[in-house]
Amino acid sequence: MAKKDKSEYIIQAVDHALDLLEQFHDDVDELGVTELSKRLKLHKNNVFRLLATLEARGYIEQNRVTENYRLGLKTLELGQTFIKQMGLLRQSRPVLEWLVKECNETAYVAILKEQSIVYLDVVETDLTVRVVPRVGSRLPAYCTAAGKVQIAYMPDEEFEAFYPVKELKPFTSHTITDRDVLKKHLKEVAEQGYAIDNEELDLGVRCVGSPIRDYTRRIIGAVSLSGPSMRFTDERMEKELIPHVKQAAEEISMKLGYHK
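Residues numbered from 1 in each chain as written. Predicted model: local features only at pLDDT ≥ 70, side-chain atom pairs only at ≥ 80, totals over all residues. Heavy atoms only, no water.

K.L.:
Help me understand the pattern of salt bridges in this model?
P.N.:
Pairing between side chains of opposite charge can happen when their charged atoms approach one another. Tallied over the entire structure, the rule returns 19 salt bridges. Ionic pairing is found between arginine 70 and glutamate 61, a salt bridge with its closest N-O pair at 2.8 Å. Classification of glutamate 61 by relative accessible area gives partly exposed; the value is 30%. A salt bridge links aspartate 214 to arginine 218, with the nearest nitrogen and oxygen atoms 3.4 Å apart. On the basis of relative accessible area, aspartate 214 is assigned to the buried category, the value being 9%. Exposure remark for arginine 218: the relative accessible area of 51% places this residue in the exposed category. Within this structure, Glu105, Arg231, Arg236 and Glu240 form a network of salt bridges that share partners. (Salt bridge = Lys/Arg side-chain N within 4 Å of Asp/Glu carboxyl O. Buried < 20%, exposed > 50% of the residue type's maximum accessible area, 1.4 Å probe, protein only.)

K.L.:
Would you explain the environment of asparagine 46 in this entry?
P.N.:
Within the secondary structure, asparagine 46 is located in helix H3 (residues 44-56). Looking at asparagine 46, the relative accessible area reads 39%, which means it is partly exposed. In the structure, asparagine 46 is positioned 169 residues away from tyrosine 215 in sequence and 46 Å away in space, judged by C-alpha atoms. (Helix = DSSP H or I, 4+ residues; strand = E, 2+ residues; numbered from the N terminus.)

K.L.:
Mind showing me how you'd approach the packing of aromatic side chains here?
P.N.:
Two numbers describe a pair of aromatic rings. These are the distance of the centres and the angle of the planes. Tallied over the entire structure, the rule returns 5 aromatic pairs. With 5.6 Å between their ring centres and 65° between their planes, phenylalanine 159 and tyrosine 163 make a pair best called edge-to-face. With a relative accessible area of 3%, phenylalanine 159 lands in the buried category. Judged by its relative accessible area of 4%, tyrosine 163 is buried. An aromatic cluster of three or more residues is present, and its members are Tyr142, Phe159, Phe162, Tyr163 and Phe171. Across from the ring centre of tyrosine 153, 5.0 Å away, lies the NZ or CZ of arginine 213, which sits over that ring. Just above the ring of phenylalanine 232 sits the side chain of arginine 236; from NZ or CZ to the centre is 5.9 Å. (Phe/Tyr/Trp six-rings, centres within 6.5 Å; stacked < 30°, edge-to-face > 60°. Lys NZ or Arg CZ within 6 Å of the ring centre and 35° of its normal.)

K.L.:
Please explain the state of the cysteines as it appears in this structure.
P.N.:
Throughout this description, disulfide means a covalent bond between two cysteine sulfur atoms. Within the structure shown, the criterion is met by 0 disulfides. Summary of cysteine pairing: cysteine 143 is not part of a disulfide, and the nearest cysteine sulfur, belonging to cysteine 207, is at 10 Å. (Disulfide = S-S within 2.5 Å.)

K.L.:
Which parts of the structure should I look at to understand the nonpolar core?
P.N.:
One recurring pattern in soluble globular proteins: nonpolar side chains tend to sit buried together. Core analysis: the largest hydrophobic core is formed by 29 residues, its most contacted members being Tyr119, Ile151, Phe159, Tyr163, Leu182 and Leu186. Secondary structure elements with two or more residues in this core: strand E3 (106-113), strand E4 (116-123), helix H6 (145-151), helix H7 (156-162), helix H8 (179-192) and strand E7 (205-213). Of all the elements, H6 adds the most residues to this core, at 4 residues. Among residues more than four places away in sequence, those in contact with leucine 186 are Lys148, Ile151, Ala152 and Phe159. Counting 27 residues, the second largest nonpolar core, distinct from the first, contains Val95, Ile111, Leu120 and Phe232. (Core = buried A, V, L, I, M, F, W, Y, C linked by side-chain atoms within 4.5 Å. Contact = heavy atoms within 4.5 Å.)

K.L.:
Help me understand a nonpolar patch on the surface, please; the structure alone is not making it clear to me.
P.N.:
There is a patch of nonpolar side chains on the surface, built from Ile11, Val14 and Leu18 and spanning about 280 Å² of accessible area. Positionally, isoleucine 11 belongs in the segment before helix H1 (12-21). Of the residues examined, isoleucine 11 reaches a relative accessible area of 55% and is grouped as exposed. (Patch = residues over 30% accessible without salt bridge, like charges linked within 9 Å, V, L, I, M, F, W, Y side chains within 5 Å. Areas by Shrake-Rupley, 256 points an atom, 1.4 Å probe, with all protein chains shown as cover.)

K.L.:
Help me understand H3 in this model?
P.N.:
Along an α-helix, a turn takes 3.6 residues, which lines up residues three or four apart on a common side. Between its first and last C-alpha atoms H3 spans 18 Å; for 13 residues at 1.5 Å apiece the expected length is 18 Å, and the two agree. Burial in H3 covers these residues: Val47, Leu50, Leu51 and Leu54. Looking straight down H3, one finds its buried side chains confined to an arc of 100°; they lie on one side. Those residues of H3 that are exposed and aimed more than 90 degrees away from the buried face are Arg49, Thr53 and Ala56. Buried residues along H3 sit against H1, helix H2 (33-40), strand E1 (60-62) and strand E2 (69-71). Downstream of H3 by a residue or two, glycine 58 has a phi angle that is positive, lying close to 90°. (Expected span 1.5 Å × (residues − 1). Arc of directions from axis to C-beta.)

Take a look at the structure:
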């Protein structure tokens, strides 16, 4: 007998419940039954039953003032368990701490998720002026150092499928919005082994990132340093920050079994 496709085993109620949970992302922190019904294209009664089930298990909670719903603590616990179980996080934490000790700037480790990067861990600088940590949030890959250094090694076909539109959304006047210009820029990134975010996502903020590879030589993440542009001068980048970030990424890669 022919083996069944896994899609034939999908349980619709579970599928709907996961769709519901995924509506809470980015700046969407609370939603009501009516809005969820529209988004999911489900009857309000079905949405209410899904919410009641998820609320009973702690994955959803209701704001008693607004009567809207938001993610519950159980989702945080599940996410933290995932992070703790990742070998990348276990191996990178001490290296991030070393990086901050050497440079006294905020250090991150990030992974590529679809067209975005997700910061999994951060070690902050003790300086008063610093970049606000964004652990768990999704940021566009094409205008962040940690993102650019991961998409830079994609084959041309994969890159164009990744970004099917020629014009990309600008976040600042420094954002590279032309796909072909970005493609040319990423070739330089791949050659040098690091990427710089020159106020491309946030004005006044510069970052430098370098790729993390595992034992298969595959890029699985990136290390980056972020800070105010006034401290991330070209001279300091060249002499101190870039070499340290590249060293940190190489050390984590070696811990994960990578060899040149």
